[in-house]
Structures are given as structure tokens and as C-alpha cells.
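# Chains, contacts and geometry: an overview
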Amino acid sequence: MDFKLSIANEIIAAAERALGGAGLQSAEIAAALEIPPNTEMGDYAFPCFKLSKALRKPPMMISDALAAEIHADYLSRVESVKGYLNFFIDRATYAEKVVEAVLDQGESYGSDNSGAGKTVVLDYSSINIAKRFHIGHLSTTMIGNALYKLYKFFGWNAVGVNHLGDWGTQFGKMIAAYKRWGDHDTVAAGGVDEMVKLYVRFNAEAKENEALNDEGRAWFKKIEDGDPEALEIFNWFKSVTLKDAERVYDILGVKFDSYAGESFYNDKMQPIIDDLRAKNLLKEDQGAQIVDLEPYGMPPALILRSDGATLYITRDLAAAKYRQDTYHFDKSLYVVAYQQDLHFRQLFKVLELMGYDWYKNCEHVAFGMVSFESQTLSTREGRVVYLEDLLYTAISKARRIIEEKSPELENKNAVARQVGVGAVVFFVLYNNRIKDIDFYWDRALNFDGETGPYVMYTHARCCSVLRKAGECDAKPDFTALADPEAQDVVRLLEQFPEVLRAALQKNEPSMVTRFS
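Given the structure is predicted, the values throughout are model-derived calculations rather than measurements. (Residues numbered from 1 in each chain as written. Predicted model: local features only at pLDDT ≥ 70, side-chain atom pairs only at ≥ 80, totals over all residues. Heavy atoms only, no water.)

## Here's the deal with the overall build of the protein chain
Operational definition: We count a stretch as a helix when DSSP gives it H or I for four or more residues in a row; a strand needs E for two or more, and each element gets its number in order from the N terminus. Relative accessibility decides the category of a residue: with a 1.4 Å probe and only protein chains considered, values under 20% of the type maximum give buried, values over 50% give exposed, and everything between is partly exposed. Contact between two residues is taken to exist if any of their heavy atoms lie within 4.5 Å; hydrogens are not considered. Charged-residue counts in this description rest on Lys and Arg as positive and Asp and Glu as negative, His and the chain ends being excluded. Working definition for charges: the position is that of NZ of Lys, CZ of Arg, CG of Asp or CD of Glu.
Looking only at helices and strands, the protein chain has 19 helices and 12 strands in total. Burial status across the protein chain gives 48% buried among its 516 residues. Long-range pairs, those at least 24 residues apart, make up 70% of the contacts in the protein chain between residues at least 6 apart in sequence. Counting 59 positive and 75 negative side-chain charges, the protein chain places the centres of these two groups 2 Å from one another.

## Details of unusual backbone geometry
A positive phi angle, close to 50°, is found at Lys82, a residue other than glycine. Mapping Lys82 onto the fold places it in the loop between strand S2 (75-81) and strand S3 (84-89). Of note in the backbone geometry, Asn507 takes a positive phi value of approximately 50° without being a glycine. As for its placement among the helices and strands, Asn507 is situated in the loop between helix H18 (484-506) and helix H19 (510-515).

## Some remarks on the packing of helix H6 (residues 138-153) against helix H15 (residues 412-430)
Under the convention used in this document: All axes are obtained by fitting lines to C-alpha atoms, using only the stretch in contact for helices, and the reported angles, taken between N-to-C directions, cover 0 to 180 degrees. Convention used here: angles under 35 degrees read as roughly parallel, angles over 145 as roughly antiparallel, angles from 65 to 115 as roughly perpendicular, and any remaining angle as oblique. As a working rule, the residues Ala, Val, Leu, Ile, Met, Phe, Trp, Tyr, Cys and Pro are called nonpolar, Asp, Glu, Lys and Arg charged, and the rest polar, with Gly in that last group.
Close contact between H6 and H15 brings their axes to 10 Å; oriented N to C, the two are set at 85°. By the angle class used here, H6 and H15 are roughly perpendicular. Between H6 and H15, the contacting residues are Leu138, Ser139, Met142, Ile143 and Ala146 on the first element and Val424, Val425, Val428 and Leu429 on the second. Of the residues contributing to the contact of H6 with H15, the split by class is 8 nonpolar, 1 polar and no charged.

## Digging into the pairing of strand S5 (residues 157-161)
Rules: Handedness of a crossover: with both strands directed away from the viewer, a clockwise path from the first strand across the helix to the second marks it as right-handed.
Among the 5 residues of S5, 4 are classified as buried, and the element is accordingly described as predominantly covered. Regarding the hand of the β-α-β motif, the stretch spanning strand S4 (residues 119-123), H6 and S5 is right-handed.

## Focus on the side chain of Lys238
Inclusion rule: We define a polar contact as two N or O atoms separated by no more than 3.5 Å, with the added condition that, inside protein, one atom must be a possible hydrogen donor and the other a possible acceptor, whereas residues neighbouring each other in sequence contribute only through side-chain atom pairs.
Tracing the backbone shows Lys238 in helix H10 (residues 228-252). A distance of 2.9 Å separates the side chain of Lys238 from the side chain of Asp166, its partner in a polar contact.

## Brief notes about the packing of helix H11 (residues 269-278) against helix H12 (residues 312-327)
Packing of H11 against H12 leaves a shortest axis separation of 9 Å and a crossing angle of 100°. Here H11 lies roughly perpendicular to H12, going by the angle between them. From H11, Met269, Ile272, Ile273 and Leu276 reach across to H12, where they touch Thr314, Arg315, Leu317, Ala318 and Lys321. Here the residues of the contact of H11 with H12 sort into 6 nonpolar, 1 polar and 2 charged.

## Remarks on the pairing of strand S10 (residues 362-367)
Spelled out, the test is: By the convention used here, strands pair only if DSSP detects at least 2 bridges between them.
The buried fraction of S10 amounts to 5 of the 6 residues, a majority that puts the element mostly inside the structure. Where strand S9 (residues 331-337) lies against S10, 6 bridges are found, and the strand directions are parallel. By the bridge assignment, Leu333 is partnered in S10 with Glu363. The β-α-β motif built from S9, the intervening helix H13 (residues 341-353) and the parallel element S10 has right-handed crossover chirality.

## Section: the environment of Gly144
Tracing the backbone shows Gly144 in helix H6. Among the residues examined, Gly144 registers a relative accessible area of 0% and is labelled buried. Residues Gly144 and Ser371, spaced 227 residues apart in sequence, show a C-alpha to C-alpha distance of 19 Å. If sequence neighbours within four positions are ignored, Gly144 has contacts with Leu122, Tyr124, Ser139 and Val335.

What follows is the structure, given as C-alpha cells:
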């Protein structure tokens, strides 16, 4: 039973009978219903000042008239208090309707299947080739994965895209470093760790020797030109990186439907450039090709550098067009840090100027940056916290706690993995996504309070209660759930679908995490 909608219909019917009201919409009335700060003020409250204009009467008069007119079986009473209508639902009826809905709908409880027939493309994680997966990627990966699951829950066809960072001069630098100081066997044995060492060394020595940067740019030009040796090394670096990343994704339980990265769009950028030129959107500025966005309060979007090289926005324009042509999305979400806000505003504005009306379906889902114990992260400077190390530390801590408190527990390793990884994931998803996260080991791995381990412990206790209760064929007595403590739980169950809908609308997983 949708109590909000039912109460809204009662208000409309009462207004028509007592006040001659007409034209009121149940959806608008339901949306205006509030949940009072404490149950002594009712289960729902309606501010009657919202009807003053339509009914041409003061709020208190409206409230008094409606309170005297509304008499529904599921309501124990209706009170008029200073222009508010306070609704008190019969406790047993309330418990019965909510619990029966939960049992009837099972795992689908909370979903209205509103996304059926719609497609959402989610761009998240987007790791860089030749670099290990560090905690700076944790927010985008877990927020994106949470949204992927949330959209699927509401019936959407979700497409998860890992837009790999596999293009740019840094890969020329990697090859230059490899050719100077690396060898195949060492890199094959050390994997991405060895590649990172080469990259850090290159940047350190390039500060003293600028010629190294020229060497790096030359190798990247060879990649662009399809040089066999450059491509062989580049593709090898890519396969090693993906193997390393897949191991971490497996621990996190994260999957993708596409790994189409920047290099995938190399042959798809020229049609975009041609289209921009045909629509007179490209302008020359000091030899570069730009789209002037000054009339829209933004700096120009640089499409081609003076040497003809493409940029991030060029590839993102090609990617957006490809995703629309391929998936025909109803939404396209970019789960990327808030520092890229200007980039995405420029991207969406250029798509609009190109005449693509689907630009309205593109959205930047911004999140805060991650630092480690007050230090910013930098692969170039060698200051990183690798995510795999973090996860295994959490798993080890969970295992030690299990050994202390439940030494006889079966499958201790599996449980430690679930609890340890869950602690890290919950830590990321607990705060509003736009907030910066300063990662501290003692906070992330805290197993007390509002944490992932505590939520899992509570779930385990609930499952234990259900197992002990067993099957029951007797007709339930819902008056047993009329006490305040039971009603608090019932109220949380009833609010769950609304929380899920709000989380979906705002692309905010923390609303679900905090509610749990």
C-alpha cells in the first residue's frame, strides 16, 4: 500500500466535499507530504498552506475542514495543528501492509521497474595503462559500480564502460624509459610495479635532462604512426596492466561491459572534426583549432593543437557520439572527479552546438578527491597507496578479529575477505560523493559504529533470527508490531523504496548506504 498516495487521494476527496476544491493532483499532494521529526506529531503531515492559493482560504481553515472530513479505515486519527494535517496510521494495519509488501516482492522490494526499456551508459573507473590501481581510483570505481547496480535494480539496461587511459605522451615516455633502463624479463616478472619504477625514474631524470621528454614525445609519435615496435611494446604494457587490474576488480566484485579506451576512438575523431568544421564551429587560434565558448561563460574548447594533435575533449566527443550510435542511451553518466567539471561542461556544450539533442541526457556525476593521511597522491612522484595492498590489509585485519572472537568459524578466509573488502567499500560509499576523502587506515578499517562490518554483522544477526523462527503457517498477529520499537523498524522498511528512488534520481549511493 502506498500510504502517501492513499492519503493524497483522501485529501483531494475531502477538499472536494468540504471546500469545493477541484483540479488538485494526487502526485503533487503526495510529494508535499512530510514525515514529522517524531511520531507523536503523526506518521505523515501535510502543510495546508500549499492549498491556500487553489482553495482561496487560510491554511488553518483548510486544515480544520479537512481533518473533520477524512475518515479512512487505515487511519487511527487525523489532527489539525496550526495549518498542518497530521495523519496517524493504525499501527497494526501499517505493519501488515508494509510487511506483506516486503514478503510479496522479496528481493525486488523497492523497485518500481521504471527503467524498463531504457538504457544508461556509465563511464567509471577509467584506469590508466602502465600504472597500478591505487586508491585514487576507488571512488569512481565503487560509486560507478553502485550506480550500475542501482539502475539495473530499477529495470534499466545498464552498460558499464571502463574508458581506459591508454593514449598520450606518457606512453611514449614509458617506452623511452623501457628502452633505456628496462628489459623484457624484468618487466614480465615485476609487471606494473616495474613499469611504475621506470616511469618514476624517467620523470625524475627528465627534470635534469629535458631531452628525455623529447625522446618520449618521439616514441608516442611512433605509436600514433603505427610503428610496429612501438605498438608491440605499447600493447604488451596494456595487457599486463589489464591483468593486474582484473585481479583487483575481482576482489571488489566489479565488472564492465566495455573496455573501450581512448585509443579505441583514434579512427572516430576525424568525422567529429569534419562535422565541427562543416557546421562552422571550428576557429583558428594561434594555429590551434578551437570551439569558442566565451558566449557561454567558458574558455574555448581546444579540439586540435597547433601541431594537429588531438586532446581529451576530441576523444570524448567521439566517444559520446559512438555511445549514442551504439547504445541509443537514455542517460550517459560520467563518474569523474569534480576537478573535471569545466571539461564536461565544455563537452556537453559542444555536443549541443553540434545539434545533438541527446546532449541533455549526458551528466557529469562528480565526486571528491582522495588523499592519503593528508597527502595528495602522485604516481609521478612515487607517492601512492595501491588498492590491492589496501584490500589485503583489510582482509588480514578481519582475519585476525575472526581468530580472536570466532576461532571455530568455518570458511574463515572467505568471511575475512567479505568483511575486509566490505569495510573499504562501505567507507567510500558512506559519505556524500562530492566530499573529499582523506584516507586513514584506522578510520577505513574501523569495525565499530556506522561501518561496513557492523552492517554485515547486523544482517547476519537478522538472518539468524529468521533461521531460528523457521516456517510458520499461522496467520500473523500484526498487533504484536504495534509497539514503538517495532514501528520504527516498520517505518524504515516502508521508507526504503523512497530512499532508493531518491538515490537513483540524484545518482547518490550514499543515501542507500546511510539509510542501511
